Amino acid sequence: MSLVIDNAKFHEIIQEQIAKQKHDHTETKFNHKIYRTIIKKVKRKIRRQVVARKRDEQIQIEEDQRSKDPLYQAGLAQQEEIQKKKELEEEKEKKCQLWHERELLAKIQWEAKQKREQAAKIQQQQQAKTVHALSTKTSNLKIKSTRTSASKIQIEKEKPTAVIGQQLEDQPTHNPFASGIAGIERPKCSFFLKTGVCKYNERCSRFHDRPDVSNTILLLNMYSNFEMQYGLDDEYDADIGLEFEESERYQNFKEFYYDVLPEFEAFGHVVEFKVCSNFEIHLRGNVYVQFKTDDEAVRAFQRMNGRFYGGKMLQCEFVNITNWKNSICGM
Ligand SMILES: [Zn+2]
């Protein structure tokens, strides 16, 4: 292999090596033999460098030639494709792993949530138990007080009847009391026909045509306002009605209407909803609800009878009101 070396460069390197030799080995006298050795060494070094450079150049040339070769190109493309596939696989694997990690996290979170819910449920049950225990106590008290007030109302109801009874003995203008003789067909009580109630109640001499089932239910004394409530205690005080503003009366009724009507509409189609504002005890606050069908009325009856509303226990009855115009109730 021919060796072309830049003389100036070669001389420079030789001088460097001589200086180094003299500096490193001061005890040895520099001579021609050492000089020749240095030259040989430098020449070898330069030759190695040149060989290496030539080899690199050759590799580069071969590389260039290969890159122009279509077969080599195809091979490269294939290699690239394989690499891409590998990367995709790795990506997929990574995603899969991430997914699993998320799934695991979700599972842990779900389990924690379940635990929390379970704990909340137990707490709720305990609270419900406590509330139930309390409400049992309260309802026991309520039943007691209801009994007391019921007997009070009974007394109130009997009062006017007794008064009327006395009046009737003097001047029998209305139905006489029931004769008590069975088998004799009595005429129908017109008042009961109109309103489903009669102030003589079971003591009326006329026949109260009470249907087993109908499309209309009557809720006795369900509606009440301040005036009616107060009137119940002292119904002969005329001033109370004056003190009770008309707008207040309307507002009170409106509130009742929007509170109660949806309750009944839950059972079916409400055809008529009438509230009795009459002051007479047997009519006072009576609520009539006419449904489209008997079934709806039966459902309402079953659900509403015995329920509490406005501090009262509701009492339901089926009634046959054929003509609302005939009944004396307003509103
Ligand atoms: Zn009657």
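Heads up: the structure comes first, above all this text.
Residues numbered from 1 in each chain as written. Predicted model: local features only at pLDDT ≥ 70, side-chain atom pairs only at ≥ 80, totals over all residues. Heavy atoms only, no water.

1. Details of the overall build of the protein chain
- The number of helices and strands found in the protein chain is eight helices and six strands.
- Written out in order from the N terminus, the α and β elements of the protein chain read α-α-α-α-β-α-α-α-β-β-α-β-β-β.
- Residues classed as buried in the protein chain amount to 23% of the 331 residues present.
- Of the contacts made within the protein chain by residues no fewer than 6 positions apart, 63% connect residues no fewer than 24 positions apart.
- Put simply, the protein chain shows about 25200 Å² of open surface, and 53% of that area lies on carbon and sulfur atoms. (Helix = DSSP H or I, 4+ residues; strand = E, 2+ residues; numbered from the N terminus. Buried < 20%, exposed > 50% of the residue type's maximum accessible area, 1.4 Å probe, protein only. Contact = heavy atoms within 4.5 Å. Areas by Shrake-Rupley, 256 points an atom, 1.4 Å probe, with all protein chains shown as cover.)

2. Overview of the packing of aromatic side chains
- With the rule as written, the count across this model stands at nine aromatic pairs.
- Ring geometry for Tyr223 versus Phe256: centroids 4.7 Å apart, planes at 55 degrees, classification tilted. Of this pair, Tyr223 sits in the loop between strand E1 (216-219) and helix H5 (226-233) while Phe256 sits in helix H7 (residues 246-265), and the two are 33 residues apart along the sequence.
- Judged by centre distance (4.6 Å) and plane angle (10 degrees), the rings of Phe301 and Phe318 are stacked. Of the two residues, Phe301 is situated in helix H8 (residues 294-304) and Phe318 in strand E6 (residues 316-319); the sequence distance between them amounts to 17 residues.
- Accessibility expressed as a relative area gives 11% for Phe318, which makes it buried.
- Every member of this aromatic cluster is reached through a ring pair, and the members are Tyr223, Phe253, Phe256, Tyr257, Tyr258, Phe264, Phe273 and Tyr309.
- Seen from the ring of Phe30, Lys22 lies directly overhead, with NZ or CZ sitting 5.0 Å from the centre. (Phe/Tyr/Trp six-rings, centres within 6.5 Å; stacked < 30°, edge-to-face > 60°. Lys NZ or Arg CZ within 6 Å of the ring centre and 35° of its normal.)

3. Section: the pattern of salt bridges
- The final tally for this structure, using the stated rule, is eight salt bridges.
- Through salt bridges with shared partners, one network takes in Glu202, Arg210 and Glu317. (Salt bridge = Lys/Arg side-chain N within 4 Å of Asp/Glu carboxyl O.)

4. Observations regarding H8
- Among the residues making up H8, those that are buried are Glu296, Ala297, Ala300 and Met304. For H8, the angular spread of buried residues about the axis comes to 100 degrees, placing them on one side. Pointing more than 90 degrees away from the buried face of H8 are the exposed residues Asp295 and Gln302.
- At its buried positions, H8 is contacted by E1, H7, strand E3 (287-291) and E6.
- Phi turns positive, to about 90 degrees, at Gly306, one or two residues after H8. (Arc of directions from axis to C-beta.)

5. Considering unusual backbone geometry
- Positive phi is not limited to glycine here, since Asn201 has a value of about 55 degrees.
- Summarising the element assignment, Asn201 is placed in the loop between helix H4 (190-195) and E1.
- A positive phi angle, close to 50 degrees, is found at Asn221, a residue other than glycine.
- Among the structural elements, Asn221 can be located in the loop between E1 and H5.

6. Things to note about the coordination of the zinc ion
- At the metal site, the zinc ion is ligated by Cys189 (SG), Cys198 (SG), Cys204 (SG) and His208 (NE2), and these contacts range over 2.1 to 2.4 Å.
- Taken together, the four donor atoms coordinating the zinc ion span angles of 98 to 116 degrees at the metal, a pattern that classifies the geometry as tetrahedral.
- Sequence positions of the residues that donate to the zinc ion give the spacing C-x8-C-x5-C-x3-H. Both residues of the pair, Cys204 and His208, count as buried. (Donors = N, O, S within 2.8 Å, 3.2 Å for Na, K, Ca; no water. Tetrahedral: all angles 85-135°; square planar, octahedral: opposite > 155°, others 65-115°.)

7. Points about the pairing of E3
- Across the five residues that make up E3, a large majority, five, are buried.
- Alternating positions in E3 separate into two faces, Val287, Val289 and Phe291 on one and Tyr288 and Gln290 on the other, with burial throughout.
- In this sheet, E3 lies alongside E1 in antiparallel orientation, the contact comprising four bridges. By the bridge assignment for E3, Leu219 is matched with Val287.
- As paired elements, strand E2 (residues 270-275) and E3 share five bridges and run antiparallel to each other. Along E3, the bridge assignment pairs Phe273 with Val289. (Pairing = 2+ DSSP bridges.)

8. Description of helix H2 (residues 32-68)
- Given a rise of 1.5 Å per residue, 37 residues ought to cover 54 Å, and the 54 Å separating the end C-alpha atoms of H2 matches this to within 8%.
- The set of residues buried in H2 consists of Ile34, Ile38, Ile39, Val42, Ile46 and Val50.
- As for H2, its buried residues are in contact with helix H1 (7-24). (Expected span 1.5 Å × (residues − 1).)

9. Observations concerning the sheet that holds E2
- Taking strand neighbours across the sheet as the criterion, the four strands line up as E2-E3-E1-E6 in an open arrangement whose pairing is antiparallel. A single partner strand is all that each edge strand has here, and the edge strands are E2 and E6. Taking the axes of each pair of neighbouring strands and ignoring which way they run, one obtains an average angle of 20 degrees across the sheet.
- Contacting E1, E2 and E3, H7 runs over the sheet at an angle of about 145 degrees to E2.
- Along the sheet, H8 makes contact with E1, E3 and E6, crossing E6 at roughly 160 degrees. (Axes fitted to C-alpha atoms, helices over the stretch in contact; angles between N-to-C directions.)

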